[in-house]
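Breakdown of the fold
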There are 4 protein chains.
Amino acid sequence: MTSYGYLGPAGTFSEAALISCLPEPDADLVPYATVPGALAAARSGEVDGALVPLENSVEGSVAQTLDELATGTPLVVIREAHQPVSFVLLARSGVTLADIRSVATHPHAEAQTRGWFAANLPQATVVPATSTAAAAAALADGSATWDAAVSAPIAAEVYGLAVLATEVGDNPAAETRFVLVTRPVAPQPATGSDKTSLVLYIGQDHPGALLEILTEFAVRGVNLTRIESRPTGGGIGDYLFSVDIEGHVDDARVGESLMGLRRVCADVRYLGSYPRVDGGRPLLRRGVSDPDYHDAQAWLTRVRDGRT
Amino acid sequence: MTSYGYLGPAGTFSEAALISCLPEPDADLVPYATVPGALAAARSGEVDGALVPLENSVEGSVAQTLDELATGTPLVVIREAHQPVSFVLLARSGVTLADIRSVATHPHAEAQTRGWFAANLPQATVVPATSTAAAAAALADGSATWDAAVSAPIAAEVYGLAVLATEVGDNPAAETRFVLVTRPVAPQPATGSDKTSLVLYIGQDHPGALLEILTEFAVRGVNLTRIESRPTGGGIGDYLFSVDIEGHVDDARVGESLMGLRRVCADVRYLGSYPRVDGGRPLLRRGVSDPDYHDAQAWLTRVRDGRT
Amino acid sequence: MTSYGYLGPAGTFSEAALISCLPEPDADLVPYATVPGALAAARSGEVDGALVPLENSVEGSVAQTLDELATGTPLVVIREAHQPVSFVLLARSGVTLADIRSVATHPHAEAQTRGWFAANLPQATVVPATSTAAAAAALADGSATWDAAVSAPIAAEVYGLAVLATEVGDNPAAETRFVLVTRPVAPQPATGSDKTSLVLYIGQDHPGALLEILTEFAVRGVNLTRIESRPTGGGIGDYLFSVDIEGHVDDARVGESLMGLRRVCADVRYLGSYPRVDGGRPLLRRGVSDPDYHDAQAWLTRVRDGRT
Amino acid sequence: MTSYGYLGPAGTFSEAALISCLPEPDADLVPYATVPGALAAARSGEVDGALVPLENSVEGSVAQTLDELATGTPLVVIREAHQPVSFVLLARSGVTLADIRSVATHPHAEAQTRGWFAANLPQATVVPATSTAAAAAALADGSATWDAAVSAPIAAEVYGLAVLATEVGDNPAAETRFVLVTRPVAPQPATGSDKTSLVLYIGQDHPGALLEILTEFAVRGVNLTRIESRPTGGGIGDYLFSVDIEGHVDDARVGESLMGLRRVCADVRYLGSYPRVDGGRPLLRRGVSDPDYHDAQAWLTRVRDGRT
């Protein structure tokens, strides 16, 4: 049976995100304690894939995930999920807001709900927990020394707790972008609304290195949706760029861009082509569609054969 | 008396970083509970400046800091600090490694020391704390229910605890980059080894927008040391780029680049020019030094005066 | 009294072009036998300026003029003229088409009227002359051994000859572009419809050299209207580019482009800013007008003063 | 039997150039009176090819040739020839320099030998001829009214005349570049020292159009050796670029550049790949050789197959 790992425990945003993009509805969902743990399980074949967070609209990119995917045994993204980060306040049945003296949650969640508590429960003290789910689980099993937990909405059902308040987060638009990765497979067919993720290594930093890379995309009409420079840890001046682009590796313009990057970069790691969750489609300028590429190839063949 | 805020409590990496780059040795150091809190204090004049984390080699960029600096009342960076993230294991005097059954620390630190504990103290359980310093402070004041704390080295002295182990971190090269910001001031004189931080807003996303921006730098020989795209929260397709470049706003090539960006971007926020901690100097290609700019200006003046 | 030289003799297209763009209506017009002769007279002060052909829509660019202006004592263009190359057939009074057995003209004119003669006077033989005016002059003074001359329309009046046919040229759209050059002077004020001529030397040819040069223009929104590469005669791999651009040296975007070129080229020779004969105006993209430059400079001054 | 047309008459620089690059030593050489005539003969099959002048180091590019090749039935270049333009003074046997009172030649040749005559035969008058060969031919057949001819060295042998002086030209480095064109054929195999000629049409002029074109070359490491903008005659703002590039249409980098241009230009006319007369070889940067292209293609195939 198919199984997918995710950053656990059960009842977190990760689990909700995985459910939202699950390729097979009846797959087994396997929680892992850490991002490296989940990815290792996917690499070893212990699970068929793993869902990990890539970037968060409040916290920024998840460097650990980027770095894990950029090195080691290759994995490729087959799905992305955008998970709203909307917190709820959970307690055992019968507990009311007025009863609450202490609240447990993960420090990340605490940072994102501080405003709500200042306004609504100023007297409550906050107890750090190892995850938002752990804070809820301890309420459920009776081991908690606190009165309530700030968790993902999914935790209410998982742990059988009452929801005292919703929209506890200070930023209602907050969301986390997750990716589901597997061992390398041929990409799913292009849908017209696709993204491709890449890691680009430049061997030696020099003015214009990034411009060179971007020109490989721009000359072929390929747009970027995310870029981030990261030190490789290989010493001063060694950088990598983590980028997402519009389009699918089977698109002619993307394929030619990738070959161009392969030639000018110290290394290129392909991290997969996959359907966009937001349904966005690239605005293609003249000359960069697949038919345009096909026509140009046919013309060159004629020229080379002396049939101009 | 001059005072600087920082992300507290005392005894964290933040405090150590602030001490390493303090403009005035006898300044007051004021801990704040949050990055927004420290920045608000700098904006209001409650303190003369604030030190906040900008990026971490393990965790990645600190989105909250980037976003706070990109919006609101302007602040400018006057110093940067690279603080090694090297953890130590602390306990009360007389306690030995063999005595330790539970260890408290911040979840971020837990994630970065997991390998060491698996290898060296596999039997110890981990208790989450609100900060690495809080874990140590509770040991010192006797309120702790745990036997040891994983903290920054500076916490040993601050809280009078014994160091049971050093280099407890799994990644010995881990470090955090902090910046010290103040209300806008004229930049310190250029040193020849400077960085300038910018936030660049593009009004409407389009293929080639990033290339346009980078060309403004490249044509004037200015190299980037960091780039990150971030959604502005202003709706689909609205991006900003957070970039650091080599050079000082008073350098002719940097000044002309900034003016070019000001003309093509929806907005440009200048975040300061400051000395580089790593001492690196730009490799300038022909034609982009200040004397080159000066000569070209003198020539243009002659041409415009009919004295060619 | 002001005097201008031109490529003579009197009665040629050059004279007509000079009259069309004469800065002072009553200036003396002085014919010279050659382009170098006319330019030498302007350089020495023998005349106040000289009109020379730069390019022809049938013959192409006039390499001799380009090369003369690119080297030696500097001269600058103050006017351009587009002279239609429309030939007429001239004879002495009383001569009719049917009488004509031989026709004299300059070989260039012969090449441009061959179709007309094949269709209209197939029996006529052609006698080469040193200029179209010389062919007419000999008719006028009685020294000609031919019956008619193919000349510029202006020659009819100059030499008192009858016009047997007009529009004798095979290409009715043919025209020659002339420039009026003087010793260096401050340019006339910008009109909004101006051109600037430049000679750009690249020290050593390398892939991308031309791209570098064009990027200096493109990044500042300056469009080219003509470009031609020419060997400098300085050995293999040494090139110069002769270019015309839209705009005036006093335009901020043109001035900054020129300074950029001055820094990256081995040498830049400014050949003048002057009103466009065609009245064309540049289509300026956002951010490259003089007010845009002024605003950006004011902003940079504020930033450098710490007043952001 | 193979036959090649050229710009006649016999005894001109054109004939010498054709002999220097003749593909078959025993081919028939057929003189034509004009460039369009020679090209028409090649197009119709009257001859197997035609040699025409393309550019001259003194006169510049030959616009008529460029325009003829840019339009009409396609032709492709199979050879280039660099012909030194070195003039000789010819006379009938027994005539000495002191005897010469009048000299005939083509006006182009007159312009290039004026300095020599001023220094060596100041008393001689110049008689215009329809070609340098015609001036010599009339001496040989006794019809000349002049004493000597300024001609190409080859004319001495062709017309059986004595050489009174060599190196009569004012510019000893003067040379003309000719091309031998045929109806479209598959190009000869690449030699490693090849050139490719192209005509690039841009549909509508806009700032950056030329930059776009050059970027297609630059991103693939292809260098230009010649560029010239020309109006197409199709109305204001419509331009074409006549360019020569280093490399062969069968080179991967050249082929991909051509396809890119085909997609972004209104039209591209391929004018042939042929061996360079000067033996120059391109300096290739990393990543643009044929093996580099082959490796990148193999890598992309693996990626698309899921075998990363």
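As the structure is a computational prediction, the values presented were derived from the model and not from experiment.

**Focus: the overall build of chain A**
Counting its secondary structure elements, chain A contains nine helices and 15 strands. For chain A, the spread of C-alpha atoms along the principal axes amounts to about 85 × 45 × 35 Å. Residues classed as buried in chain A amount to 56% of the 308 residues present. A total accessible area of about 11,500 Å² is found for chain A, and carbon and sulfur atoms account for 54% of it. Between the mean site of the 22 positive side-chain charges and the mean site of the 36 negative ones, chain A shows a separation of 8 Å.

**Thoughts on the pairing of strand β9 (residues 148-151) of chain C**
Residue and element names in this part refer to chain C. Covered by surrounding structure in β9 are A148 and V150 together with A149 and S151, the residues of both alternating faces. As paired elements, strand β6 (residues 88-91) and β9 share three bridges and run antiparallel to each other. Across the sheet, the residue bridging to L89 is V150, located in β9. Examined bridge by bridge, strand β7 (residues 102-105) and β9 share two bridges and lie parallel to one another. If you follow A104 over to β9, its bridge partner there is A149.

**Remarks on the interface of chain A and chain D**
A common way to report how large an interface is uses the accessible area buried once the components associate. Facing 40 residues of chain A, the contacting portion of chain D comprises 40 residues. Overall, the association of chain A and chain D removes approximately 3,300 Å² of surface from exposure, summing both partners, and the carbon and sulfur fraction of that is 59%. Remark: the boundary between chain A and chain D carries four salt bridges. Residues R304(A) and D250(D) are paired through a salt bridge, measuring 3.7 Å at the closest nitrogen-oxygen approach. On inspection of chain A and its partner chain D, the count reaches twelve residue pairs in polar contact (both at pLDDT 80 or more).

**Observations concerning the pairing of strand β12 (residues 194-202) of chain A**
Residues and elements named next belong to chain A. Counting buried positions along β12 yields nine of nine residues, so the element is predominantly enclosed. Every second residue of β12 is oriented toward a common face, with D194, T196, L198, L200 and I202 on one face and K195, S197, V199 and Y201 on the other, all of them buried. Across seven bridges, β12 lies against strand β15 (residues 267-275) in antiparallel orientation. Note that in β15 the partner of L200 across the bridge is V268. With eight bridges joining them, β12 and strand β14 (residues 239-246) adopt antiparallel strand pairing. Bridged to K195 within β14 is E246.

**As for the pattern of salt bridges**
Residues and elements named next belong to chain D. Summed over all chains, the structure comprises 72 salt bridges over all chains. The salt bridge partner of R276 is E246, with a shortest N-O separation of 3.2 Å. Within this pair, whereas R276 is found in the loop between β15 (267-275) and α9 (290-304), its partner E246 is found in strand β14 (residues 239-246), the two being separated by 30 residues in sequence. The exposure classification of R276 matches that of E246, with both residues buried.

**Focus: the confidence of the model for chain A**
Per-chain confidence: chain A averages 90 in pLDDT, with 96% of residues scoring 70 or above. Prediction confidence for the complex, expressed as pTM and ipTM, is 0.88 and 0.88 respectively.

**Here's the deal with the arrangement of the chains**
Separated throughout, chain A and chain C approach each other most closely at a C-alpha pair spaced 12 Å apart. As for chain D relative to chain B, no contact occurs, and the smallest C-alpha gap between them is 12 Å.

**A few points about the environment of L271(B)**
All names here are of chain B. Relative to the helices and strands, L271 is located in strand β15 (residues 267-275). Note: C-alpha distance between L271 and P74 (197 residues apart in sequence) is 7.9 Å. Apart from the residues within four sequence positions on either side, L271 is in contact with L69, L75, V76, V77, S197, L198 and V199.

**A look at the packing of aromatic side chains**
The geometry of an aromatic ring pair comes down to the distance between the two centres and the angle between the two planes. The full count for this structure, using the stated rule, is eight aromatic pairs over all chains. Measuring from ring centre to ring centre gives 5.4 Å for F13(A) and F87(A), while their planes differ by 85°; the resulting arrangement is edge-to-face. Of the two residues, F13(A) sits in helix α1 (residues 13-20) while F87(A) sits in the loop between β5 (76-84) and β6 (88-91), which places them 74 residues apart along the sequence. Exposure remark for F13(A): the relative accessible area of 12% places this residue in the buried category. Centroid distance W116(A) to F117(A): 5.0 Å. Interplanar angle 80°. Geometry classified as edge-to-face. F117(A) gets classed as buried once you look at its relative accessible area, which sits at 9%. Across the ring face of Y293(D), the terminal group of R263(A) is positioned such that the distance to the ring centre comes to 3.5 Å.

**Topic: helix α5 (residues 132-141) of chain C**
All names here are of chain C. Within the span of α5, buried status applies to T132, A133, A135, A136, A138 and L139. Looking at the buried residues of α5, the elements they touch are β6, β7, α4 (107-120), β9 and α6 (154-159). Among the residues trailing α5, G142 stands out with phi positive, at a value near 85°.

**Side note on the sheet that holds strand β6 (residues 88-91) of chain B**
All names here are of chain B. Within the open sheet, the five strands sit side by side as β8-β7-β9-β6-β10. Their pairing is mixed. Sheet topology places β8 (125-128) and β10 (162-165) at the edges, where each strand pairs with a single neighbour. The sheet shows a mean angle of 35° between the axes of neighbouring strands, taken without regard to direction. The strands that helix α4 (residues 107-120) touches are β6, β7 (102-105), β8, β9 (148-151) and β10; relative to β7, the one it contacts most, it runs at about 140°. Against the sheet, helix α5 (residues 132-141) touches β6, β7 and β9, its axis set at about 150° to β9.

**Remarks on the interface of chain D and chain C**
If you look at the interface, chain D gives 37 residues, while chain C gives 37 residues. Contact with chain C buries surface across chain D, with P128(D), L211(D) and I227(D) losing the most and accounting together for 17% of the total. Inspection of the region where chain D meets chain C yields zero salt bridges. The tally of links from chain D across to chain C stands at two residue pairs in polar contact (both at pLDDT 80 or more). For the side of chain D that touches chain C, the elements supplying multiple residues, two or more each, are β4 (60-61), α3 (63-70), α4 (107-120), α7 (209-218), β13 (224-231) and β14 of chain D.

**A word on the relation of the copies chain A and chain D**
When chain A is brought onto chain D, the operation consists of a screw motion whose angular component is 180° and whose axial shift is 0.1 Å, with 0.1 Å RMSD remaining. What we have between these two chains is a two-fold relation.

**Remarks on unusual backbone geometry**
Looking along the chain, the bond that leaves G8(A) and enters P9(A) is cis, with omega of 5°. Relative to the helices and strands, P9(A) is located in the loop between β1 (3-7) and α1. The backbone of E167(D) shows a phi angle near 50°, a positive value even though the residue is not glycine. For E167(D), the location among the structural elements is in the loop between β10 (162-165) and β11 (175-182).

**A look at the sheet that holds β10(D)**
Residues and elements named next belong to chain D. With mixed pairing, the five strands of this open sheet are ordered in space as β8-β7-β9-β6-β10. What marks the edges here is a single partner per strand, and that holds for β8 (125-128) and β10. With direction set aside, neighbouring strand axes in the sheet form an average angle of 35°. Sheet strands touched by α4: β6 (88-91), β7 (102-105), β8, β9 (148-151) and β10. Its angle to β7, the strand with the most contacts, is close to 140°.

**Some points on the relation of the copies chain D and chain C**
Rotating chain D by 180° and translating it 0.1 Å along the rotation axis places it on chain C, where the RMSD comes to 0.1 Å. In this assembly the copies share their binding face: 100% of the residues contributing to the interface of chain D also contribute to that of chain C.

**Concerning the side chain of R230(A)**
Here R230(A) is to be found in strand β13 (residues 224-231). Side-chain polar atoms of R230(A) contact the side chain of D67(A), separated by 2.5 Å.

**As for helix α2 (residues 35-44) of chain A**
Residues and elements named next belong to chain A. Considered for burial, the residues of α2 that qualify are V35, A38, L39, A41, A42 and R43. Of the surrounding elements, those touching the buried residues of α2 are β1, β2 (28-32), β3 (49-56), α3 (63-70) and β11 (175-182). In this structure T34 caps α2, since a side-chain oxygen of it lies 2.9 Å from the backbone nitrogen of G37. At the exit of α2 stands G45, carrying a positive phi of roughly 95°.

**Let's talk about the environment of Y4(D)**
With respect to the helices and strands, Y4(D) occurs in strand β1 (residues 3-7). Linking Y4(D) and P128(D), residues 124 residues apart in sequence, is a C-alpha distance of 28 Å.

**A few points about the environment of M1(A)**
Residues and elements named next belong to chain A. Within the secondary structure layout, M1 lies in the segment before β1. Separated by 160 residues in sequence, M1 and L161 have C-alpha atoms that sit 31 Å apart. Those residues in contact with M1 that sit more than four places away from it in its chain are D26, A27, D28 and D48.

Reading guide: rules and limits
- Along every chain, residues carry numbers that run from 1 in the direction the sequence is written.
- Here every chain gets a letter starting at A, and every ligand a number starting at 1, in the order they are written.
- This being a predicted model, a pLDDT of at least 70 is required before a residue's local features are given, and a value of 80 or more before pairs of side-chain atoms are given or counted; all residues contribute to the totals for chains, interfaces and linings.
- To obtain the side-chain values, all non-hydrogen atoms of the structure were included, while hydrogens and water were left out.
- Strands are runs of DSSP state E lasting at least two residues, helices are runs of H or I lasting at least four, and both sets are numbered from the N terminus onward.
- Exposed residues in this analysis have more than 50% of their type's maximum accessible area, buried residues have under 20%, and partly exposed residues fall in between, with area computed by a 1.4 Å probe over protein chains only.
- Throughout, the Shrake-Rupley method with a 1.4 Å probe supplies accessible areas, and for residues the shown protein chains are the sole cover considered.
- We score Asp and Glu as negative and Lys and Arg as positive, and we do not count His or the chain ends.
- One atom stands in for each charge, and that atom is NZ of Lys, CZ of Arg, CG of Asp or CD of Glu.
- If DSSP finds at least two bridges between two strands, the strands pair.
- Any two residues having at least one pair of non-hydrogen atoms within 4.5 Å are treated as being in contact.
- Buried area is understood as the total, over both parts, of accessible area removed when two parts are fitted together, assessed with a 1.4 Å probe.
- A side-chain nitrogen of Lys or Arg and a carboxyl oxygen of Asp or Glu constitute a salt bridge if their distance falls within 4 Å.
- What qualifies as a polar contact is a pair of N or O atoms within 3.5 Å, subject to a donor-acceptor requirement within protein and to the restriction that residues adjacent in sequence count only when both atoms come from side chains.
- pLDDT runs from 0 to 100 and stands for how confident the predictor is about each residue.
- When the centres of two rings from Phe, Tyr and Trp lie within 6.5 Å, Trp using its six-membered ring, the rings pair. Their planes under 30 degrees apart give stacked, over 60 give edge-to-face, and anything left gives tilted.
- For a lysine, the NZ atom is tested; for an arginine, the CZ atom; a charge sits over a ring if that atom is within 6 Å of the ring centre and within 35 degrees of the ring normal.
- To obtain an axis, a line is fitted to C-alpha atoms, over the contacting stretch when the element is a helix, and the angle between two such axes runs from 0 to 180 degrees between their N-to-C directions.
- Copy-to-copy alignment: least squares on C-alpha atoms, limited to residues at pLDDT 70 or above in both.

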